[in-house]
Amino acid sequence: AMATAGPRSFSAAEVRARCAQGACLVSCHRRLYDLSGFVRLHPGGEQLLRRRAGTDVSAALDGPPHRHSENARRWLEQYYVGEIEPGDEQVPPWGRTGTGGARAVGEPGGIYRLCGVPQVPRYNHCLLPQDLVDWQKPLLWQVGYLGEKYDEWVHQPVDRPIRLFHSDFLEFLSKTAWYVVFMVWTPVVLYLSWVSYTSLAQGNTRLFSSFTTEYSIPVHKYYFPFIFLLGMILWSLLEYLIHRFVFHMKPPASNYYLITLHFLLHGQHHKSPFDSSRLVFPPVPASLVIGFFYGVLRLLLPEVLGLSVFVGGLCGYVIYDMMHYYLHYGSPKKGTYLYGLKAYHVKHHFEHQKSGSFGISTRFWDYPFQTLIPEETFKKED
């Protein structure tokens, strides 16, 4: 049998040179990781990781300002590239000890740790566990067999693309670039907004007219912006409810079909949260769901009024899908609303998958439903 090759060793000088060329290499007690492909996705922002390049981040993983979850530490292992040469204590010009919890690569760090557990610095001491599925085959028809292991498995995210179907055509329909949603639905929103406004302008729309003509309320064209806004607000509530109670249902371990359905609807997104082709809703299945909600509004409200609410909700959906993509792939400026929302949403993926942060485009509904993720606190050490 062939001997397993050991990890590659890197000198501090080599790490320093590669970082100077634009790579983002960090270490955790001599284990070296290449985060170059992850910097733009980091919830703390690209610049934060760039400042850590060439340093030991073991202290920073425990915070403050943020204590990284077990899933985040497991995620880090995917970028492992080798070991820092022992005894190499050269300090690069950036990231000296004492700057935000980072220690220069090669600087003595005492005992080796991973996920907070002391470790002996040997090869493969904390590799990711062997997966329960065959990633070379479509996953959709495999996950149902995981049974009671499915819930834990699906909430341990990985950085790799997912194939769902054997059929290339079905696989194509299940993937969508972010701009397709904007291109398909924005013209629909604009057209239906014009239809709604011009129809209201005719003055024939009255509320409660199906019950009484004497006390029915006329709906003027000037009400359209407020009805449109009502539709957007209703969408934000619907977004929360679907995400919490449909996407985050826990399928029975014994039900192959419900597990498969859960993975198709949302589980695959939690397993691979940075698969860029699966961050927005494909237009074909989306049109079926959108058509259903339009039919419900037509039954509950006068035709033009229902259409006005619907188009506001459709606009809310487009904003939600665009924002969801940005929260995964954007790099908002620190201190902005979107920066906080991105950090909040990523916590949902890595630490609070089943207990909170079900609002995506807004945290508003997490307050009354008491699913807001609490702020982290750190006790001062003596």
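Note that this is a predicted model, so its numbers are computed, not measured.

Thresholds, definitions, all that
- Residues numbered from 1 in each chain as written.
- Predicted model: local features only at pLDDT ≥ 70, side-chain atom pairs only at ≥ 80, totals over all residues.
- Heavy atoms only, no water.
- Helix = DSSP H or I, 4+ residues; strand = E, 2+ residues; numbered from the N terminus.
- Buried < 20%, exposed > 50% of the residue type's maximum accessible area, 1.4 Å probe, protein only.
- Contact = heavy atoms within 4.5 Å.
- pLDDT = per-residue confidence, 0-100.
- Axes fitted to C-alpha atoms, helices over the stretch in contact; angles between N-to-C directions.
- Parallel < 35°, antiparallel > 145°, perpendicular 65-115°, else oblique.
- Left-handed = near helix turned anticlockwise from the far one by under 90°.
- Nonpolar A, V, L, I, M, F, W, Y, C, P; charged D, E, K, R; others polar.
- Core = buried A, V, L, I, M, F, W, Y, C linked by side-chain atoms within 4.5 Å.
- Patch = residues over 30% accessible without salt bridge, like charges linked within 9 Å, V, L, I, M, F, W, Y side chains within 5 Å.
- Areas by Shrake-Rupley, 256 points an atom, 1.4 Å probe, with all protein chains shown as cover.
- Salt bridge = Lys/Arg side-chain N within 4 Å of Asp/Glu carboxyl O.
- Expected span 1.5 Å × (residues − 1).
- Bend = angle between axes of the 7 residues up to and from the residue.
- Phe/Tyr/Trp six-rings, centres within 6.5 Å; stacked < 30°, edge-to-face > 60°.
- Lys NZ or Arg CZ within 6 Å of the ring centre and 35° of its normal.
- UniProt positions renumbered as here; feature names shortened; annotations may be inferred.

What follows covers the overall build of the protein chain. What the protein chain contains, in helices and strands, is twelve helices and ten strands. Counting only residues that meet the buried cut, the protein chain has 46% of its 382 residues in that class. Excluding contacts between residues fewer than 6 apart, the proportion of contacts in the protein chain whose partners are at least 24 apart in sequence is 69%.

It is worth spelling out the confidence of the model for the protein chain at this point. Residues of the protein chain with pLDDT of at least 70 account for 82%, and the chain-wide mean is 83. Model confidence for the protein chain, summarised as mean pLDDT per element, is weakest for strand β7 (residues 112-114) at 34 and strongest for helix α9 (residues 256-271) at 96. Counting contacts from residues 89-128, a segment whose pLDDT is below 50, to residues more than four positions away or on other chains yields 95 contacts.

This brings us to the packing of helix α8 (residues 224-247) against helix α11 (residues 303-329). As a packed pair, α8 and α11 sit with axes 7 Å apart at the nearest point and diverge in direction by 55 degrees. When the axes of α8 and α11 are compared, the pair comes out oblique. As α8 packs across α11, the resulting crossing turns out to be right-handed. Seen from α8, the contacting residues are Phe 224, Ile 227, Phe 228, Gly 231, Met 232, Leu 234, Trp 235 and Glu 239; seen from α11, they are Leu 305, Ser 308, Val 309, Val 311, Gly 312, Gly 313, Cys 315, Gly 316, Tyr 317, Ile 319 and Tyr 320. Taken together, the residues of the contact of α8 with α11 break down into 13 nonpolar, five polar and one charged.

Moving on, we come to the nonpolar core. Residues Trp 185, Ile 290, Phe 310, Leu 314 and Tyr 317 are the most contacted members of the largest nonpolar core, which totals 33 residues. Residue contributions to this core peak at 15 residues, all from α11. Not counting residues within four places of it along the chain, the set of residues in contact with Ile 290 comprises Trp 185, Phe 310, Leu 314 and Tyr 317. With 27 residues, the next largest nonpolar core counts Ala 23, Leu 76, Tyr 80 and Phe 350 among its residues.

On the surface, a cluster of nonpolar side chains totalling about 410 Å² of accessible area is made up of Phe 245, Val 246, Leu 261, Leu 264 and Leu 265. Elements supplying a minimum of two residues to the nonpolar patch: α8 and α9. Ranked by the residues each element gives to the nonpolar patch, the list is headed by α9, at three residues. On the secondary structure map, Phe 245 appears in helix α8.

The next subject is helix α7 (residues 178-201). Helix length check: α7, at 24 residues, gives a terminal C-alpha distance of 35 Å against a target of 34 Å (1.5 Å per residue), a fit within 8%. Taken as a whole, α7 carries its principal kink of about 30 degrees at Trp 185; the proline Pro 187 stands between one and four residues after it. Turning to α7, its buried residues number three or more, namely Val 181, Trp 185, Thr 186, Val 189, Leu 192, Ser 193, Val 195, Ser 196, Ser 199 and Leu 200. Residues of α7 that are buried sit in contact with α8, α10 (283-300) and α11. Phi for Gly 203, located one or two positions after α7, is positive at around 80 degrees.

The tally for this structure, following the rule as stated, stands at eleven salt bridges. The closest approach of N and O atoms between Arg 8 and Glu 14, which form a salt bridge, is 2.3 Å. Here Glu 83 makes a salt bridge to Arg 31, at a shortest N to O gap of 3.6 Å. You can see Glu 83 sitting in strand β5 (residues 80-84) and its partner Arg 31 sitting in strand β3 (residues 31-34), a full 52 residues away along the chain. Note on accessibility: Glu 83 and Arg 31 belong to one class, buried.

Further remarks concern the packing of aromatic side chains. What the rule picks out here adds up to 27 aromatic pairs. Aromatic pair Phe 364 and Trp 365: ring centres 4.8 Å apart, planes at 85 degrees, arrangement edge-to-face. Through a chain of ring-to-ring contacts, three or more aromatic side chains come together here, namely Phe 38, Trp 75, Tyr 79, Trp 178, Tyr 179, Phe 274, Tyr 325, Tyr 329 and Phe 350. Positioned above the aromatic ring of Tyr 344 is the side chain of Arg 363, whose terminal nitrogen or guanidinium carbon lies 4.7 Å from the ring centre.

Our focus in this paragraph is the UniProt feature "binding site: heme" (unreviewed entry) in the protein chain. Annotation from UniProt places "binding site: heme" (unreviewed entry) at His 42 and His 68. Annotated residues spanning 27 residues; largest pairwise C-alpha distance 12.0 Å, indicating a single compact cluster. With respect to the helices, strands and loops of the structure, His 42 is situated in the loop between β3 and α2 (46-52). Setting aside its immediate chain neighbours within four residues, His 42 contacts Leu 48, Leu 49, His 68 and Lys 342. With respect to the helices and strands, the residue His 68 is situated in the loop between α3 (58-61) and α4 (70-76). Given the relative accessible area of 23%, His 68 is considered partly exposed.

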